[in-house]
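What the coordinates show
The primary structure of each chain is shown beneath.
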Amino acid sequence: HRLLQADPANAKASSSFASNVRKLSKRARQLEQGQDAAEATRLASSVLTVSPDNDLCRRIVRKAEALLASDLRRAKASGRSADEEALARRLLTIAPHRPEALRTLSQREFALGRLHDAASLLLRLVAAPSVVPAHWVKLGRCLKLLKRFNEARDAALKALTLDPDSPAARKILADVETHLA
């Protein structure tokens, strides 16, 4: 791959790269068919870092992502918090911006008082165009507790643009304005 990056016109490097991608993709499919989904997903994810258009590997990763998301929903529904955390972390390794995993982990970190970690996860959650006011409220609350008042105000204002009647966003805004005054 490095040879191909250094000289994209290098036909031998291009051919070798394509051949290796095909072999690795085939191996990922074999692992998946052999019921080693975790290893198949790991290998497919690796292939996608150098060949993001590989349909076979994208399918393997999407399938694993859907299964983990389903398992996470079941764990949440049955109240298995240890499983929730493990599943959310595994889901984020293959889908770093998956909202339900970011939400799950940010709630856990907030509850444990690890506000910096919670804020980092919430920032990732709202980095994608988020139209869920509650995400912005949670971020604002967390940033307020971290005494990052300007950022907390911005999060509260964003929540209010999405839900002008949000009492939680209004409270954050009032609290922050008191500190900034």
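Residues numbered from 1 in each chain as written. Predicted model: local features only at pLDDT ≥ 70, side-chain atom pairs only at ≥ 80, totals over all residues. Heavy atoms only, no water.

**A few points about unusual backbone geometry**
In this model, glutamine 35 sits at a positive phi of 70 degrees, which is unusual for a non-glycine residue. Mapped onto the fold, glutamine 35 is located in the loop between helix H2 (11-33) and helix H3 (37-50). Positive phi is not limited to glycine here, since lysine 147 has a value of about 65 degrees. Relative to the elements of secondary structure, lysine 147 occurs in the loop between helix H8 (133-145) and helix H9 (149-162). (Helix = DSSP H or I, 4+ residues; strand = E, 2+ residues; numbered from the N terminus.)

**As for the side chain of glutamate 85**
You can see glutamate 85 is positioned in helix H5 (residues 81-94). For glutamate 85, a relative accessible area of 17% corresponds to the buried category. Residues within four places of glutamate 85 in sequence aside, it is in contact with Leu105 and Arg108. (Buried < 20%, exposed > 50% of the residue type's maximum accessible area, 1.4 Å probe, protein only. Contact = heavy atoms within 4.5 Å.)

**A word on H9**
Counting along an α-helix, one turn takes 3.6 residues, and residues three or four places apart therefore face a common direction. Taking 1.5 Å per residue, 14 residues should reach 20 Å; H9 reaches 20 Å between its end C-alpha atoms and fits that length. Turning to H9, its buried residues are Phe149, Ala152, Ala155, Ala156, Ala159 and Leu160. All buried residues of H9 lie within an arc of 140 degrees about the axis, which places them on one face of the element. Packing partners of the buried residues in H9 comprise H8 and helix H10 (167-180). (Expected span 1.5 Å × (residues − 1). Arc of directions from axis to C-beta.)

**Overview of H8**
Under the 1.5 Å per step criterion, the end-to-end length of H8 is 19 Å for 13 residues, consistent within 8% with the ideal 18 Å. In this structure, the buried side of H8 is in contact with helix H6 (99-111), helix H7 (115-127), H9 and H10. Two residues or fewer after H8 comes lysine 147, characterised by a positive phi angle close to 65 degrees.

**Things to note about the packing of H6 against H7**
Two quantities define a packed helix pair, namely the angle between the helix axes and the distance between the axes. It is the contact of H6 with H7, at a shortest axis distance of 8 Å, that shows an interaxial angle of 160 degrees. By the angle between their directions, the pair H6 and H7 is classed as roughly antiparallel. Both H6 and H7 take part in a crossing whose hand is left-handed. Residues Pro99, Leu102, Arg103, Leu105, Ser106, Glu109 and Phe110 of H6 pack against Leu115, Asp117, Ala118, Leu121, Leu122, Arg124 and Leu125 of H7. (Axes fitted to C-alpha atoms, helices over the stretch in contact; angles between N-to-C directions. Parallel < 35°, antiparallel > 145°, perpendicular 65-115°, else oblique. Left-handed = near helix turned anticlockwise from the far one by under 90°.)

**Remarks on the environment of serine 45**
Relative to the elements of secondary structure, serine 45 occurs in helix H3. As a C-alpha pair, serine 45 and valine 61 span 16 residues in sequence and 6.6 Å in three-dimensional space. Sequence-distant contacts of serine 45, that is, excluding residues within four places in its chain, are made with Val61 and Ile94.

**Topic: the packing of H6 against H8**
At their nearest, the axes of H6 and H8 sit 12 Å apart, and the two run at 30 degrees to each other. The orientation of H6 relative to H8 falls into the category roughly parallel. Judged by the sense of rotation from one axis to the other, the crossing of H6 with H8 is left-handed. In contact with Arg103, Gln107 and Phe110 of H6, H8 contributes His135, Lys138, Arg141, Cys142 and Leu145. Residues that form the contact of H6 with H8 fall into these classes: three nonpolar, two polar and three charged. (Nonpolar A, V, L, I, M, F, W, Y, C, P; charged D, E, K, R; others polar.)

**Notes on the nonpolar core**
Core analysis: the biggest nonpolar cluster contains 49 residues, and Ala44, Leu91, Leu92, Trp136, Leu139 and Cys142 have the highest contact counts within it. In terms of residues, this core owes the most to one element, helix H4 (residues 55-78), which gives eight residues. Among all residues touching leucine 139, those that are not within four sequence positions of it are Ala119, Leu122, Leu123, Val126 and Ala155. (Core = buried A, V, L, I, M, F, W, Y, C linked by side-chain atoms within 4.5 Å.)

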